[in-house]
Amino acid sequence: MAEQNCLVTNDWICGEYLRTRSQELIDATLQHVGITVAAVAIGVAVSLPLALLARRWRFLAGPILGVTTVLYSVPSLAMFSLLLPFFGLSVSLVVTGLVLYSLTVLVRNILAGLQAVPEEARDAAKGMGYGPLRLLWEVELPLALPALLAGVRITTVSTVALTTVGAIVDYGGLGTLILDGLDTTFRAQVLTASVLCVLLAVVADLLLLGLQRWLTPWTRAHRIRTNRASRKAAVAKVAEPA
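Residues numbered from 1 in each chain as written. Predicted model: local features only at pLDDT ≥ 70, side-chain atom pairs only at ≥ 80, totals over all residues. Heavy atoms only, no water.

Quick look at the overall build of the protein
What counts is decided by this rule: Runs of E in the DSSP output that reach at least two residues are strands. Runs of H or I that reach at least four are helices, and both are numbered from the N terminus. Each residue's exposure class comes from its accessible area (1.4 Å probe, protein chains only) as a fraction of the maximum for that residue type: buried when under 20%, exposed when over 50%, partly exposed otherwise. Between two residues, a contact is recorded if the distance between any of their heavy atoms is within 4.5 Å. Method for areas: the Shrake-Rupley scheme with a 1.4 Å probe, in which residue coverage is limited to the protein chains shown.
If you tally the helices and strands in the protein, you get 11 helices and 0 strands. Starting at the N terminus and walking to the C terminus, you meet the elements of the protein as α-α-α-α-α-α-α-α-α-α-α. Buried residues in the protein amount to 37% of all 242 residues. The contacts of the protein with a sequence gap of at least 6 include a subset with a gap of at least 24, amounting to 71%. Total accessible area on the protein stands at roughly 13900 Å², and carbon and sulfur atoms take up 68% of it.

A few points about a nonpolar patch on the surface
Applied cut-off: Patch membership requires over 30% relative accessible area and the absence of a salt bridge. Like charges are linked within 9 Å, and nonpolar side chains (Val, Leu, Ile, Met, Phe, Trp, Tyr) within 5 Å. Salt bridges, as used here, are contacts in which a Lys or Arg side-chain nitrogen is within 4 Å of a carboxyl oxygen on Asp or Glu.
Taken together, Trp12, Ile13, Leu191, Val195 and Leu199 make up a surface patch of nonpolar side chains, about 500 Å² in accessible area. For Leu199, the location among the structural elements is in helix H10 (residues 187-215). Take Leu199: its relative accessible area is 46%, and that puts it in the partly exposed class.

Points about the pattern of salt bridges
When the charged atoms of two side chains lie near each other, side chains of opposite charge can form a pair. Per the counting criterion, the structure on display carries 7 salt bridges. A salt bridge links Arg122 to Glu119, with the nearest nitrogen and oxygen atoms 3.2 Å apart. On the criterion of helical spacing, the pair formed by Arg122 and Glu119 is a turn pair, its members being 3 residues apart in helix H7 (residues 119-127). Judged by its relative accessible area of 9%, Arg122 is buried. Two residues, Arg134 and Glu138, come together in a salt bridge whose shortest N-O distance is 3.2 Å. Pair noted here: Arg134 and Glu138 are both in helix H8 (residues 132-163), with a separation of 4 residues, about one helical turn. Overall, the relative accessible area of 40% leaves Arg134 in the partly exposed class. Residues joined in a network through salt bridges with shared partners are Arg55, Glu119, Arg122 and Glu140.

No statement about biological role is implied by the geometric values presented.
Here is the structure:
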């Protein structure tokens, strides 16, 4: 009886809400995931050429990084208002705003990863006849993957959070439910949508971490060798006579 009445008593935890509004929660979650995936994917597609430009012509690095930093500092409400005349009240408005926010992290991480590629690896590839494009795709990008994927992880988690702001134009996924729940003081809706948003961020981060480890097995081998060397050094130090 208590569970059946939790909607009437407006409890924070309400099983009846989950049962009666399950489809609404699923739809909001799918919209949230779709907006996040689209924003991160487009962000990577835009950031990669910008990072390549900044690396190729170093005088462009300052302006590119500066502009992306300025974009990130613009408040979300102001950003959506500036984009409104171009996209109207649509999902494209939210995705474009999230893409612009993602650039500062993605460009910096991709650029840092490319700059960290050992010059010896580039020279060896050139000696084997690799052209610029093949060098980029088969040598530089694979070696830059740890930094690139670290940027994608940070961007994805922050985008999951920022997507909720899209609720102001009714395209915020779970954020729309949170905003509606706050307006109507619907406690179960606010708590459930908030928890699902946090779970989305955690699951996305864990999935990307697994992808990163799968795509960069050499980093695990390096860590194992480093840990073994550290343990041997510690043992040797303890074994030294006083």
